[in-house]
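# Working through the structure, step by step
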Amino acid sequence: MKPFARRALIGAALGAAALTLTGCKENLGAGPQLNVVGGYIQLGATPDRPAVGYFTVTGGPRDVKLMAVTADLAQRVEMHESVKENGVVTMKPLMSADVPAEGKLQFKPGGKHLMIWNINPAAVRAGKLPMAFVFTNNNNERILFDLPIKQASAAGGDEGMAMDHSKMGHGTMGAEEPAADAAKK
């Protein structure tokens, strides 16, 4: 190959590489990225109670929706929100949750949270549950994140668990539990 042709070929390759890197600027850490940044799972007070999950998502360059959270090592995971109606705190299922561009979505006690049924004992022993967070961007992008598992507290859980579950078909939680459940303790 002649020296001029070789230089032209190398110049074209370098130019193409520069254009490719310019197009990937956000992926190189220069811009905000959608990410799960922390959280935990609180086990239920007894094995027959669902665990509750909390986490924070930081938004990327545009608004997206969290459509689902899944875990292969749990029987079922649902997104819920605590709401107060007529002086009673109840739960309503969430079909999705908004993640604002460059903002935060928080699942926390007393608000949005996950209900998680029958976590595999191996995950409990390992102290973490691998989860997939499914969003509406990039063909339903999935972010994999291990949520640490905390054992149930002696007081019977945290404030997110003390609510009326009767309308959800999960039984009641807290002070109004049936006598049969109280006898198990």
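Keep in mind that this is a model prediction, so the values were computed, not measured.

## Some details on the packing of aromatic side chains
Tallied over the full model, the rule gives three aromatic pairs. A centroid spacing of 4.9 Å and a plane angle of 70° characterise the contact between F55 and F133, whose relative ring orientation is edge-to-face. A residue pair is termed long-range when its members are at least 10 positions apart, and F55 in strand β2 (residues 51–58) and F133 in strand β9 (residues 128–135) qualify at 78 residues. By the burial criterion, F55 is buried, and F133 matches it. In this structure an aromatic cluster arises from ring pairing among F55, F107 and F133. The ring of W117 has R76 lying over it, and the distance from NZ or CZ to the ring centre is 3.8 Å. Just above the ring of Y40 sits the side chain of K150; from NZ or CZ to the centre is 4.0 Å.

## A look at the environment of K65
Take K65: it is sitting in strand β3 (residues 64–70). Overall, the relative accessible area of 33% leaves K65 in the partly exposed class. For K65 and N140, which are 75 residues apart along the polypeptide, the C-alpha to C-alpha distance reads 9.6 Å. Apart from the residues lying within four places of it in its own chain, the contact partners of K65 are S96, A97, D98, V134, F135 and T136. One polar contact links K65 to D98, side chain to side chain, over a distance of 2.5 Å.

## Regarding the confidence of the model for the protein
In low-pLDDT segments, the atomic positions of the prediction should not be examined closely. With 66% of its residues at a pLDDT of 70 or more, the protein shows a mean pLDDT of 78. Note on residues 16–26: pLDDT is under 50 here. Beyond four places in sequence and across chains, it has five contacts. Note on residues 156–185: pLDDT under 50 across the span, and 50 contacts to partners over four residues away in sequence or across chains.

## So, unusual backbone geometry
With a phi angle near 55°, N86 is a residue other than glycine that sits in the positive phi range. The phi angle at E102 is positive, at roughly 55°, despite the residue not being glycine. Residue position: E102 is located in the loop between β6 (97–99) and β7 (104–107).

## Quick look at the environment of F135
Among the secondary structure elements, F135 is positioned in strand β9. Put simply, F135 and K65 are 70 residues apart on the chain and 5.5 Å apart in space, counted from C-alpha to C-alpha. In this structure F135 touches L34, V57, V64, K65, L66, M67, V99, N140, E141 and I143, once residues within four positions along its chain are discounted.

Basis of the calculations
Residues numbered from 1 in each chain as written. Predicted model: local features only at pLDDT ≥ 70, side-chain atom pairs only at ≥ 80, totals over all residues. Heavy atoms only, no water. Phe/Tyr/Trp six-rings, centres within 6.5 Å; stacked < 30°, edge-to-face > 60°. Helix = DSSP H or I, 4+ residues; strand = E, 2+ residues; numbered from the N terminus. Buried < 20%, exposed > 50% of the residue type's maximum accessible area, 1.4 Å probe, protein only. Lys NZ or Arg CZ within 6 Å of the ring centre and 35° of its normal. Contact = heavy atoms within 4.5 Å. Polar contact = N/O pair within 3.5 Å; in protein donor to acceptor, adjacent residues only side chain to side chain. pLDDT = per-residue confidence, 0-100.

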